[in-house]
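What the coordinates show
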Amino acid sequence: MCGRFANLIDDPGVWEDILEGWPYAADTGYNIAPSRNIPVLAFDHWKKKPVGRGMRWGLVPSWSKEINPQFATFNARIETMEEKPAFRTAWKQSRTCLIPIRGYYEWKGEAGEKQPYFIHLDNGEPLVLAGIWDIWSKADEPLYSCTIITRTAMGPLADIHPRMPVRVNRHHALDWLANGSDWLHIISHQQHPEEFASYPVRKLVNRPVNDGPHLLERDG
């Protein structure tokens, strides 16, 4: 799963052209939790280019009667999202998106003693995740929301947690946005765990109210 991340991006690297205007008046920080308004890239089919906007992290299906579903929607399993009621409408409409982050946190160990780890790309570039989004229109203004697609963890990442977010590389990013679900089979096979790095961080990150660059400091 991916339930907490840092998304303050100092150097966009090869993503500089796509991340124009980042962070789109949305929330950035070192300890972003579900329900926050995060910067997301979707495709504008009229302008024929990616556009950025703030979206609630935790997808609210268009058919939902309320903003807060009774089930968690901040992650969508790649194996089942085509069938799950919360995600299948957005998926069928190919509402794909990119969620750029600096890295994410996972916890390893027994309950009560879990050690948090920060996971990021070894080369320091942004880690851009695959997601889907939807629009909820039962309020005065439409609510845009999104979820992160996850898959079975690979390589050393599986030693920390059994799930990992699906990464999109720069080469396939525009195809994923413009052509949507047709490209899932391609990006899902372009995962290279050897490009990731991880290290333990202090348990301060366990509380979402804590924020700041000190959360990325190595524990020990």
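A short tour of the structure in this document, coming up. Note that the coordinates shown come from a computational prediction; the quantities given were computed from them, not determined experimentally.

With that out of the way, let us pick up the pairing of strand β9 (residues 143–152). The two faces of a sheet get side chains in turn, since along a regular strand they alternate between them. With seven of ten residues buried, β9 is to be regarded as a mostly interior element. As paired elements, strand β3 (residues 49–57) and β9 share two bridges and run parallel to each other. Each bridged residue has a counterpart across the sheet, and for W57 the counterpart in β9 is C146. Pairing between strand β4 (residues 75–77) and β9: three bridges, direction parallel.

This part is about the sheet that holds strand β11 (residues 196–200). With antiparallel pairing, the four strands of this open sheet are ordered in space as β1-β6-β7-β11. Lying at the two open borders of the sheet, with one neighbouring strand each, are β1 (5–6) and β11. In this sheet, strand β6 (residues 103–108) lies alongside β1 in antiparallel orientation, the contact comprising two bridges. Counterpart to F5 in the pairing with β6 is Y104.

Summed over all chains, the structure comprises seven salt bridges. Between D10 and R102 there is a salt bridge, with its nearest N and O atoms 3.3 Å apart. Here D10 is found in the loop between β1 and β2 (37–44), whereas its partner R102 is found in the loop between β5 (96–101) and β6, with 92 residues between them in sequence. A relative accessible area of 63% means that D10 is categorised as exposed.

What tends to happen in soluble globular proteins is that the nonpolar side chains get buried as a cluster. Core analysis: the largest hydrophobic core is formed by 29 residues, its most contacted members being M81, L98, I132, I149 and W176. Of all elements in the fold, only β2, α1 (85–92), β8 (127–136), α2 (173–179) and α3 (184–187) reach the threshold of two or more residues within this core. Considering each element in turn, this core owes the most residues, four residues, to α1. Of all hydrophobic cores here, the second largest spans 27 residues; its members include V40, Y117, I135 and F196.

This part covers the packing of aromatic side chains. Within this structure, the stated rule accounts for seven aromatic pairs. Arranged with centres 4.6 Å apart and planes meeting at 35°, the rings of F5 and W57 form a pair that is tilted. Taken as a pair, F5 in strand β1 and W57 in strand β3 lie far apart in primary sequence, 52 residues in all. Residue F5 is classed as buried on the basis of its relative accessible area of 1%. Following the ring pairs from residue to residue traces out a cluster consisting of F5, W57 and F74. The cationic tip of R53 hangs over the ring face of Y144; the distance from NZ or CZ to the ring centre is 3.7 Å. One Lys or Arg, R95, reaches over the ring of W133 and ends 5.0 Å from the middle of that ring.

Conventions adopted
Once a new chain begins, its residue numbering starts again from 1 and follows that chain's sequence as written. Side-chain atom pairs in this predicted model are given and counted only at pLDDT of 80 or more, local residue features only at pLDDT of at least 70, and totals for whole chains, interfaces and linings cover all residues. Hydrogens and water molecules were not included; the side-chain quantities draw on all heavy atoms of the structure. Buried means the residue's accessible area, taken with a 1.4 Å probe over protein chains only, is under 20% of the maximum for its type, while exposed means over 50%, and partly exposed covers the values in between. Helix and strand labels come from DSSP, where a helix needs a run of H or I of at least four residues and a strand needs a run of E of at least two; each type is numbered from the N terminus. Two strands qualify as a pair provided that DSSP identifies no fewer than 2 bridges between them. The rule for a salt bridge is simple: a side-chain nitrogen of Lys or Arg has to be within 4 Å of a carboxyl oxygen of Asp or Glu. In this text, buried Ala, Val, Leu, Ile, Met, Phe, Trp, Tyr and Cys residues form a nonpolar core when linked through side-chain atoms within 4.5 Å. Only centres within 6.5 Å qualify two rings of Phe, Tyr or Trp (six-membered ring in Trp) as a pair; their planes then separate them into stacked at under 30 degrees, edge-to-face at over 60, and tilted for everything else. A ring is scored as having a charge over it whenever the NZ atom of a lysine or the CZ atom of an arginine sits within 6 Å of its centre and within 35 degrees of its normal.

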